[in-house]
Amino acid sequence: MIMKKATLENIDNLTQIAVESRYRWNDNEKDLKKHIISSLKRKGAETYYLLKNNIAVGYIVITIKNKIADIDFMGIKKKYQGKGYGKEIMFAIISQIKKSYNQARLAVWARNFTAISLYNKFGFYVYKIQRNNYPNGDAKLFMKKELK
Ligand SMILES: CC(C)(COP(=O)(O)OP(=O)(O)OC[C@H]1O[C@@H](n2cnc3c(N)ncnc32)[C@H](O)[C@@H]1OP(=O)(O)O)[C@@H](O)C(=O)NCCC(=O)NCCS
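Not measured: the values here are computed from a predicted model.

Student: So what about unusual backbone geometry? Which residues, and what values?
Tutor: Positioned with a positive phi, Asn66 is a non-glycine residue whose angle comes to about 50°. Here Asn66 is to be found in the loop between strand 3 (55-65) and strand 4 (68-76). The exposed category is assigned to Asn66, around which 8 C-beta atoms lie within 10 Å. Its identity is not glycine, yet Asn132 carries a phi of approximately 50°, on the positive side.

Listed below in structure tokens is the structure:
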């Protein structure tokens, strides 16, 4: 298992992961690609992808600002979910960012129980709830973890 830093050259692999992880499920492939290109170009943003037997199985995007690392999103291809790759990616990214940054943060749909359970496992806790964040009235949870 290797985690690599992504560049624009990896756009097709990253788009494939986004499509197959069903993240932002209402977006089409073209919009997902545009979204990923803009995060690859964004100042402070870093994207990493996880390779297993040379197949890109998942990716994570973080943005660094004021010593805080925001996890913007992560996704594992559907057929590889539930096999520990989410934990691997999270372990690798936390080990890396804790060397230089004080805090990690993220936001998650309050019904994404798999993701919330993963984040809890790594010590993230809810510090803010934004009610009625989604058109159907669902809330968004803001979670953080001290790294020092
Ligand atoms: C959320 C996601 C990244 C987790 O990655 P994963 O590889 O499936 O998760 P793992 O196999 O590493 O499991 C991590 C933990 O999640 C929880 N989990 C995994 N599958 C689960 C399931 N089907 N139901 C409930 N919890 C589950 C467990 O707590 C698990 O830890 P455990 O194995 O020690 O019990 C992945 O499922 C995914 O890409 N989902 C779609 C995109 C998404 O929701 N991204 C996050 C929001 S930005």
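Student: How would you sum up the site of the ligand? Please name residues and give values.
Tutor: Taken together, 22 residues are adjacent to the ligand, and Phe73, Gln81, Gly86, Lys87 and Ser117 come closest. Here the element with the most residues in the shell around the ligand is helix 4 (residues 113-121); it accounts for 6 residues. Among the residues making up the shell around the ligand, the classes are represented as 9 nonpolar, 9 polar and 4 charged.

Student: Could you give me a rundown of the sheet that holds strand 4, with the residues and numbers involved?
Tutor: The strand order across the open sheet built from 7 strands is 1-2-3-4-5-7-6, with neighbouring strands paired in mixed fashion. Here the strands that pair on one side only, and so sit at the sheet edges, are strand 1 (2-5) and strand 6 (125-130). The mean angle between the axes of side-by-side strands here comes to 25°, regardless of whether they run parallel or antiparallel. Both strand 3 and strand 4 contribute to a ladder of 8 bridges, which runs antiparallel. Looking at strand 4, one finds that Val61 is bridged to Phe73. Contacts between helix 1 (residues 11-21) and the sheet are confined to strand 2 (45-52), strand 3 and strand 4, with strand 3 contributing the most and set at about 100° to the helix. On the sheet, helix 4 packs against strand 5 (103-109) and strand 7 (140-146) and is oriented at approximately 160° with respect to strand 5.

The rules behind each value
Residues numbered from 1 in each chain as written. Predicted model: local features only at pLDDT ≥ 70, side-chain atom pairs only at ≥ 80, totals over all residues. Helix = DSSP H or I, 4+ residues; strand = E, 2+ residues; numbered from the N terminus. Buried ≥ 20, exposed ≤ 12 C-beta atoms within 10 Å, placed from the backbone. Near = placed C-beta within 6 Å. Nonpolar A, V, L, I, M, F, W, Y, C, P; charged D, E, K, R; others polar. Pairing = 2+ DSSP bridges. Axes fitted to C-alpha atoms, helices over the stretch in contact; angles between N-to-C directions. Contact = placed C-beta atoms within 7 Å.

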